[in-house]
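This is what each chain is made of:
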Amino acid sequence: MTTMTDTSNAARFREFKMPDVGEGLTEAEILKWYVQPGDTVTDGQVVCEVETAKAAVELPIPFDGVVHELRFPEGTTVDVGQVIIAVDVAPGSGDAAPAEAAASAPAAEVPAPAAAAEPEAEAPKGRQPVLVGYGVAETSTKRRARKGAAASVPAAVAAIQGEMNGHGAALAVPKDRPLAKPPVRKLAKDLGIDLATVVPTGKDGIITREDVHAAATPVPAQAPVPVPVQAPAPAPAVEAPAVTGTVADARETRIPVKGVRKAIAQAMVGSAFTAPHVTEFVTVDVTRTMKLVAELKEDKDMAGVRVNPLLIIAKALLVAIRRNPEINAAWDEAGQEIVQKHYVNLGIAAATPRGLIVPNIKDAHDMTLPQLAAALSELVSTARDGKTSPAAMAGGTVTITNVGVFGVDTGTPILNPGESAILAVGAIKLQPWVHKGKVKPRQVTTLALSFDHRLVDGELGSKVLADVAAILEQPKRLITWA
């Protein structure tokens, strides 16, 4: 009878796991839930937004039903493969609990879990962070096996497991191991906090995220309280007031490194200390390019797309790569080979509220100018909305970073990992310039090209940078050189 109950509930309640939304990612943070327990969902409906190490991604659910339980609250970092939401796919078929609580009544030899569906006091209603299993069918089998062996499990371990799983009455637990849920333990590990030193404030002595953050905050030192001094006269002793420092709390803010910022840090350190960087600079008169931009804005073939100097610079770089294809390569350390790329996935560095990302335009070398303009517009708008997918940031070959939008003349950009070159574009400014033998005000910018010196020597890097500058100085070369 117990087995039939478990099986029917396993079929009724389906669980949705945190998927791997991009190239081998191991975890993601739940940014926002779009549904709550009791809401009806349909196949393909977006139920939450998560942030991986590369981007923010919306997750659709692959089946219909009614939301039964949200396993993690917003702001929790969840490992890939953990269940994040349970859905009742057969609502109205009778009162039933999920598979983990279905066998509580018939199994006389196993104590019934207490308050299985009630969320903890500190979590919002319907948002119960638990340690979860993997899959419906496997869940049923594993949980029956665990209940059958429950009698041989020490009471302390059973209490810890039951409390972490969000069900079961808390039993007496030895005090040598602090009680905390997996996300809290991970937070403590990331912040370098020993849980044994944290004072718990949660229910039944469980350490909460707030407890860990409080332990990570340095405690301001207090000035010693002077000992009351007895005056020679019979006047009462005067006690100096205690000095408590709260100003020091606002002098520093500790921000956990995670998500996009963590990925950026790892990628930049890996690139800077793996690829030997060389950066070359050139200052160029782009007055004719700016005139071309103004003319293209009035061209009917460019209607509906954004035309700006970055578009011409991108096209110039693509032409320079066509003239010097060896620049479009990658270093294979394992195989000790240089991998020549016969395609160009053009990366565009974009600053977003979550940090720097580098999505790329696939097969940009095959695009016409209007197609390239449309692709650039879509890339930028998607990045600003925080909707760039991990796939859009994979497979880049060369990158452009436009630091000129911040009023900066130029910089020494760090290579995007796996790429051989990155072009930095400085601010376009009106400057005195010798033109046709006379000093005239011209629109001038500075370009900087960083490249991997393992596979790009100085001659090749100089040729590419010189070609880009020559095209921007004389845009008609887009036609003659193409």
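What you see is a predicted model; the values in this text were computed from it and never measured.

Draft legend 1. Quick look at the pattern of salt bridges. Scanning the entire structure with this criterion turns up nine salt bridges. Close ionic contact of arginine 71 with glutamate 69 constitutes a salt bridge, the shortest N to O distance being 2.8 Å. Across the pair, exposure class does not vary: arginine 71 and glutamate 69 are buried alike. In this structure, the salt-bridge partner of aspartate 285 is arginine 442, at a minimum N-O distance of 2.8 Å.

Draft legend 2. How the structure looks around the side chain of asparagine 360. Structurally, asparagine 360 is set in strand E17 (residues 360-361). On the accessibility criterion, asparagine 360 (7% relative accessible area) is buried. Of the polar contacts made by the side chain of asparagine 360, one reaches the side chain of lysine 362; its length is 2.9 Å. One polar contact links the side chain of asparagine 360 to the main-chain carbonyl oxygen of alanine 394, over a distance of 3.1 Å. Excluding its chain neighbours within four sequence positions, the residues that come into contact with asparagine 360 are Asn345, Leu346, Gly347, Leu379, Ala392, Met393, Ala394, Gly395 and Gly396.

Draft legend 3. How the structure looks around the confidence of the model for the chain. Mean pLDDT over the chain: 77, with 71% of residues reaching 70 or higher. The model gives residues 223-229 a pLDDT under 50, and that stretch makes nine contacts with residues more than four places away or in other chains.

Draft legend 4. Main features of the sheet that holds strand E1 (residues 13-17). Here four strands make up an open sheet; going across it, the order is E1-E8-E6-E3 and the pairing antiparallel. Looking along the sheet, the strands with just one partner apiece sit at the ends: E1 and strand E3 (40-41). Sheet topology places E1 next to strand E8 (residues 83-88); five bridges connect them, and they run antiparallel. Within the sheet, the bridge partner assigned to phenylalanine 13 lies in E8 and is aspartate 88.

Draft legend 5. Fine view of the packing of aromatic side chains. Tallied over the full model, the rule gives zero aromatic pairs. Here the guanidinium or amino end of arginine 323 rests over the ring plane of tryptophan 481, the centre of that ring lying 3.8 Å away.

Draft legend 6. Quick peek at the sheet that holds strand E5 (residues 56-60). Taken in spatial order, the four strands line up as E5-E4-E2-E7 in an open sheet, and their pairing is antiparallel. Of all the strands in the sheet, the pair left with one neighbour each is E5 and strand E7 (77-79). Here the average twist between neighbouring strands, direction ignored, is 40 degrees.

Draft legend 7. Highlighting the packing of helix H9 (residues 309-323) against helix H10 (residues 369-384). Running from amino to carboxyl end, H9 crosses H10 at an angle of 120 degrees, the nearest separation of the two axes being 10 Å. In terms of axis orientation, H9 runs oblique to H10. For the crossing formed where H9 meets H10, the hand is right-handed. Packed against H9, whose contacting residues are Leu310, Leu311, Ala314, Lys315 and Leu318, the element H10 presents Leu369, Leu372, Ala373 and Leu376 at the interface.

Reading the values: rules and limits
Residues numbered from 1 in each chain as written. Predicted model: local features only at pLDDT ≥ 70, side-chain atom pairs only at ≥ 80, totals over all residues. Heavy atoms only, no water. Salt bridge = Lys/Arg side-chain N within 4 Å of Asp/Glu carboxyl O. Buried < 20%, exposed > 50% of the residue type's maximum accessible area, 1.4 Å probe, protein only. Helix = DSSP H or I, 4+ residues; strand = E, 2+ residues; numbered from the N terminus. Polar contact = N/O pair within 3.5 Å; in protein donor to acceptor, adjacent residues only side chain to side chain. Contact = heavy atoms within 4.5 Å. pLDDT = per-residue confidence, 0-100. Pairing = 2+ DSSP bridges. Phe/Tyr/Trp six-rings, centres within 6.5 Å; stacked < 30°, edge-to-face > 60°. Lys NZ or Arg CZ within 6 Å of the ring centre and 35° of its normal. Axes fitted to C-alpha atoms, helices over the stretch in contact; angles between N-to-C directions. Parallel < 35°, antiparallel > 145°, perpendicular 65-115°, else oblique. Left-handed = near helix turned anticlockwise from the far one by under 90°.

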